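Residue-level structure breakdown
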Amino acid sequence: AMLSDEATTHQLLNHLLLHHLASNEAHAQFALLTDWPDAPAAHAQGDEDRLANAREGIEHLNRTHPATEGSPHRFLLLHRARQYSPTQQAWMGWERKRGKLEQLVATMATGEPGPFMDLGDASRIATGTRHLLTLDSDTRLPPGQLRALVAVAAHPQNQPVLDASGRYVVSGYGILQPRITTPLIDTTTDAASATPYHWLMSGQQGMDPYSAMASDVYQDLFGEGSFTGKGLINVAVLHSVLNGRLPPEQVLSHDLLEGALVRCAVVSDVTLVESEPSRADVARSRLHRWTRGDWQLLPFLLRSGPWPMATINRWKMWDNLRR
C-alpha cells in the first residue's frame with residue numbers, strides 16, 4: 001500500500017487489526033508492506049510525517065495487543081525508500097507490488113537484512129516463517145480462513161517438490177489461492193453510501209455456505225488454478241523459484257506468471273472478502289492496469305526456455321490476450 005495521507009494510514013491500521021482479530025493465531029505476525037507515493041525526487045515534503053504517523057499506529061497496536069514475552073512484535077511496518085525507475089521517469093518503490101513481494105520473501109527466506117527501513121522491533125520479522133499470506137489493502141480475512149489455508153498447505157499431497165535445479169515445482173503447490181467474494185455491504189463505507197455502480201457490478205454478496213464448495217475448471221481438470229495476488233505462499237519455494245529470475249522494469253504485475261512458475265491451487269471452500277470498485281473510473285483504471293500486465297507477459301510466452309511452464313498456463317496467458 002501507499003503511505004499517501006493520514007486517513008489512508010488509519011484505514012490500513014484498522015484492516016491490520018481486523019486481520020489479527022479474525023485469524024486468532026498467537027504466533028502470526030501482521031505487517032503493512034508500504035511505499036511512499038511516486039515523486040520527482042528521492043524525498044518529498046511530508047514523507048517523514050507520514051512514516052512517523054504509521055509507525056506510531058503500529059506501536060499503539062503492539063501496546064494494545066502485545067505478543068508473548070520473548071516473541072517478536074505482532075504488528076510490523078515494512079517500508080521501502082524510493083528508487084529511480086528509468087521506464088517510469090520517477091522515484092518510486094522498486095518494481096511496485098512485485099518488488100515488495102520479491103524482496104519480502106527474500107528477507108524471510110534468507111534472514112538477511114532487506115531493503116526495508118530499520119524501525120527497530122516494529123520491522124523485525126520472525127525467523128523460520130514458512131508461509132506468507134498476501135492481502136490487498138481492501139481485502140478482508142474472515143475468521144478461521146487463515147487456519148484453514150495452512151491446514152490445506154500442510155497436507156502431504158500439497159507439499160511443493162522442486163526438481164534437481166531447485167527452479168521448478170514438479171508436484172504439490174507453492175501457492176494456495178482462496179475464493180474471492182464480495183461483502184454484504186461496501187467495505188469502504190457502509191450500505192447507505194454504496195454507489196449505484198457498485199450495486200450494479202457487485203452481484204450476489206456475502207458468503208453463502210451452500211455455494212462455498214464452488215468449482216474451478218482449471219483446478220478440477222488440470223490440477224492447477226490461477227493466482228490473483230491474494231493467497232498463501234510457501235516462502236522457501238517462492239524464493240527458490242523466482243528470486244532474481246524476472247527481468248527488471250518489464251513486468252507490471254506477475255500474479256498469473258508467479259502462479260504458473262510456482263504452481264498454484266485454487267482452494268474454493270476457503271473465502272476472502274473484497275469489495276468491487278465503487279466507481280466506473282476506478283474499475284477502468286484497474287482494467288487498464290490488468291491489460292498492460294497481460295501484454296507484458298508476451299515475451300514469456302514467446303521464449304519458453306528461461307521460464308518453463310505447463311501448457312495450460314500458457315493457454316491462460318494467450319486467452320487473456322485474446323479476450
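The present account deals with the structure reproduced in this document. Keep in mind that what you see is a predicted model, and the values were worked out from it rather than measured.

The rules behind these values
The written sequence of each chain sets the order in which its residues are numbered from 1. Predicted model: local features are reported for residues with pLDDT of at least 70 only, side-chain atom pairs are reported and counted for 80 or more only, and whole-chain, interface and lining totals are derived from all residues. Excluded from the side-chain calculation are hydrogens and water; included are all heavy atoms of the structure. Summary of the burial criterion: residues with accessible area below 20% of their type's maximum are buried, those above 50% are exposed, and those between are partly exposed, where the area comes from a 1.4 Å probe applied to protein chains only. By definition, any uninterrupted DSSP run of H or I lasting at least four residues is a helix, any uninterrupted run of E lasting at least two residues is a strand, and each is numbered from the N terminus. Being paired, for any two strands, means DSSP has found at least two bridges between them. By the counting rule applied here, Lys and Arg register as positive and Asp and Glu as negative, while His and the ends of each chain are not counted. The working definition used for a salt bridge is a side-chain nitrogen of Lys or Arg within 4 Å of a carboxyl oxygen of Asp or Glu. The criterion used for residue contact is that any of the two residues' heavy atoms lie within 4.5 Å. Axis geometry follows a simple rule: fit a line to the C-alpha atoms, using only the stretch in contact for helices, then measure angles between N-to-C directions, giving values from 0 to 180 degrees. Residues are said to line a cavity or pocket when one of their atoms sits within 4 Å of a point; the points come from a 1 Å grid over protein atoms alone, cavities being sets where a 1.4 Å probe fits but cannot get out and pockets being open sets with protein on both sides within 12 Å along at least five of seven lines. Grid points are joined across faces, edges and corners, and a volume is the space filled by probe spheres set on the points. Side-chain classes follow a simple rule in which Ala, Val, Leu, Ile, Met, Phe, Trp, Tyr, Cys and Pro form the nonpolar group, Asp, Glu, Lys and Arg form the charged group, and the remainder, Gly included, forms the polar group. What we call a nonpolar core is a set of buried Ala, Val, Leu, Ile, Met, Phe, Trp, Tyr and Cys residues that are connected through their side-chain atoms within 4.5 Å. Any angle from 65 to 115 degrees is called roughly perpendicular, while one under 35 is roughly parallel, one over 145 is roughly antiparallel, and all others are oblique.

**Looking at the pairing of strand 11 (residues 264-274)**
- Counting buried positions along strand 11 gives 10 out of 11 residues, so the element sits mostly inside the fold.
- In this sheet, strand 11 lies alongside strand 6 (residues 139-140) in antiparallel orientation, the contact comprising 2 bridges. When the sheet's bridge partners are listed, T139 is paired in strand 11 with E274.
- Summarising the sheet, strand 9 (residues 175-181) and strand 11 pair through 7 bridges and their orientation is parallel. For Q177, the partnering residue across the bridge sits in strand 11 and is V266.

**Let's talk about the side chain of K316**
- Residue placement: K316 occurs in helix 11 (residues 311-322).
- The buried charged residue K316 lacks any salt bridge partner; its closest oppositely charged side chain belongs to E224, at an N-O distance of 5.5 Å.
- With sequence-adjacent residues up to four places away left out, K316 is seen in contact with Y218, E224, G225, S226 and L256.

**With respect to the sheet that holds strand 5 (residues 131-133)**
- Read from one edge of the open sheet, 5 strands run 5-10-9-11-6, paired in mixed fashion. Each edge of the sheet is formed by a strand with only one pairing partner; in this case those strands are strand 5 and strand 6.
- Those strands touched by helix 7 (residues 235-242) are strand 5 and strand 10 (232-234), and its axis lies near 65 degrees from that of strand 10.

**Regarding empty space enclosed by the protein**
- Taken as a whole, this structure holds 2 cavities of 30 Å³ or more when the rule is applied.
- Around the largest cavity, the lining residues are R98, L101, E102, V105, L238, H239, L242, N243, L246, H254 and E258.
- Within the residue set of the lining of the largest cavity, elements represented by two or more residues are helix 3 (96-110) and helix 7.
- Top element by residues in the lining of the largest cavity is helix 3. It accounts for 4 residues.
- Class assignment of the residues belonging to the lining of the largest cavity gives a composition of 5 nonpolar, 3 polar and 3 charged.
- Considered as a void within the structure, the second largest cavity measures approximately 70 Å³ in volume.
- Considering the residues around the second largest cavity, the lining is formed by H131, A153, N158, Q159, P160, Y173, G174, I175, L176, L232, I233 and N234.
- At the level of elements, strand 9 and strand 10 are the ones that each hand at least two residues to the lining of the second largest cavity.
- With 3 residues, the single largest contributor to the lining of the second largest cavity is strand 10.

**Quick word on the nonpolar core**
- The biggest cluster of nonpolar side chains holds 31 residues, and the ones touching the most others in it are L132, V241, L257, L261, V262, F300 and M317.
- For this core, the secondary-structure elements that each account for two or more residues are helix 3, helix 7, helix 8 (255-262), helix 10 (298-302) and helix 11.
- The residues contacting F300, other than those within four sequence positions of it, are L246, P247, V251, L257, W307, M309 and R314.
- Counting 15 residues, the second largest nonpolar core, distinct from the first, contains L16, I58, L61 and L119.

**Quick look at the pattern of salt bridges**
- Taken as a whole, this structure holds 18 salt bridges when the rule is applied.
- Among the ionic pairs, D35 bridges to R80, the shortest N-O distance being 2.9 Å. Placement of D35 in the loop between strand 1 (30-34) and helix 2 (47-64) and of R80 in the loop between strand 2 (75-79) and strand 3 (83-85) is noted, with a sequence separation of 45 residues between them. An identical accessibility class is assigned to D35 and R80; each is buried.
- Of the charged contacts in the structure, one is a salt bridge between D47 and R50, with a shortest N-O distance of 3.2 Å. Highlighted residues: D47 and R50, both in helix 2, separated by 3 residues, approximately one helical turn.
- Exposure remark for D47: the relative accessible area of 3% places this residue in the buried category.
- Salt bridges linked by common partners bring K97, D136, K230, D255 and E274 together as one network.

**What to know about the packing of helix 7 against helix 8**
- Where helix 7 meets helix 8, the closest approach of the two axes is 10 Å, and the angle between their N-to-C directions is 100 degrees. Between helix 7 and helix 8, the angle is such that the two are roughly perpendicular. Facing helix 7, whose interface residues are V237, L238, V241 and L242, helix 8 presents E258, L261 and V262.
- For the contact of helix 7 with helix 8, the class distribution of residues is 6 nonpolar, no polar and 1 charged.

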